[in-house]
Amino acid sequence: MRTTGILHAQLALHIARLRHTDTFVVGDAGLPVPPGVPEVDLAVGFGIPRFADVLDLILSEVAIEGAVRAVEAEGQDAGRWLAERFPDAEAVPHEELKSLTASARFIVRTGEASPYANVLLRAGVPF
């Protein structure tokens, strides 16, 4: 059994399969998942687990070269969380962000109940 990092087997498998420039999404409890895009559902209740906690754990294991967030996150908790982690994130209208999720390798659903707590991440390389 693993003793550190991501213990959720399905999430760990999806992360292990990421390659340079692949995109994936970490989202709140209400983000729609397009047909055909695999979903890793971690939500057990509103607020459990929190978006920021899941995002930070994923960021500890994955090289990220880019991020896309919703413009509407500005002034929300999610906007603050994302600005701290991705100061250069591209900001697009929420409807456009939802459209971009259709090409993601997978979507991680958290229990977050704060508006616009969604980010599309582009995998980088650690070298």
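Note that the coordinates shown come from a computational prediction; the quantities given were computed from them, not determined experimentally. (Residues numbered from 1 in each chain as written. Predicted model: local features only at pLDDT ≥ 70, side-chain atom pairs only at ≥ 80, totals over all residues. Heavy atoms only, no water.)

Asks: Would you take a moment to explain the pairing of strand β6 (residues 119-123) for this structure?
Replies: Every regular strand shows the same layout, with side chains that alternate between the two sheet faces. The element β6 is extensively covered by neighbouring structure, given that four of its five residues are classed as buried. Here four bridges tie strand β1 (residues 23-27) to β6, and the two strands are oriented antiparallel to one another. Residue pairing for β6: T23 is matched across the bridge by R122. (Buried < 20%, exposed > 50% of the residue type's maximum accessible area, 1.4 Å probe, protein only. Helix = DSSP H or I, 4+ residues; strand = E, 2+ residues; numbered from the N terminus. Pairing = 2+ DSSP bridges.)

Asks: Any chance you could explain the sheet that holds strand β4 (residues 90-92) here in plain terms?
Replies: Adjacent strands of a sheet form backbone hydrogen bonds with each other and so pair up, either parallel or antiparallel. Across the sheet, six strands lie side by side as β2-β5-β1-β6-β3-β4; this open sheet has mixed pairing. At either margin of the open sheet sits one strand with a lone partner, and together these are β2 (39-41) and β4. Sheet twist, expressed as the average angle between the axes of neighbouring strands with direction ignored, equals 20°. Sheet topology note: the β2/strand β5 (residues 107-109) ladder contains three bridges and is parallel. Each bridged residue has a counterpart across the sheet, and for D41 the counterpart in β5 is R109. (Axes fitted to C-alpha atoms, helices over the stretch in contact; angles between N-to-C directions.)

Asks: What should I look at first to understand the packing of aromatic side chains in this one?
Replies: Ring pairs (aromatic) are described by centroid distance and by the angle formed between their planes. Inspection of every chain in the model, using the stated rule, returns two aromatic pairs. Here F51 and W81 contribute two aromatic rings whose centre-to-centre distance is 5.9 Å and whose plane-to-plane angle is 25°, an arrangement assigned as stacked. Here W81 lies in helix α3 (residues 77-85) and F51 lies in helix α2 (residues 51-59), a separation of 30 residues in the sequence. W81 carries the same exposure label as F51, and that label is buried. (Phe/Tyr/Trp six-rings, centres within 6.5 Å; stacked < 30°, edge-to-face > 60°.)

Asks: Honestly, unusual backbone geometry in this entry has me stumped. Any pointers?
Replies: Trans peptide bonds make up most of the peptide bonds, and negative phi angles are found at most residues other than glycine. Residue P49 is reached from I48 by a cis peptide bond, and omega for that bond is -10°. As for its position among the elements, P49 is in the loop between β2 and α2. Of note, T21 is a non-glycine position whose phi angle comes to about 80°, a positive value. T21 sits in the partly exposed class, given a relative accessible area of 44%. Phi angles above zero are rare outside glycine, and Y116 is one such case at about 65°. Looking at the secondary structure, you find Y116 in the loop between β5 and β6.

Asks: Is there a simple way to think about the side chain of D22 in this case?
Replies: As for its placement among the helices and strands, D22 is situated in the loop between α1 (9-16) and β1. Here D22 falls in the buried class, since its relative accessible area comes to 16%. Sequence-distant contacts of D22, defined by excluding residues within four places in its chain, comprise R17, R105, L121, R122 and A123. (Contact = heavy atoms within 4.5 Å.)

Asks: Just checking my understanding: could you explain the environment of V25 for this structure?
Replies: Along the chain, the position of V25 falls in strand β1. Classification of V25 by relative accessible area gives buried; the value is 2%. Along the backbone, V25 and I107 are 82 residues apart, and their C-alpha atoms lie at a distance of 4.6 Å. When residues no more than four places from it in sequence are discounted, the contact partners of V25 are L31, T101, A104, F106, I107, V108, V119 and L120.

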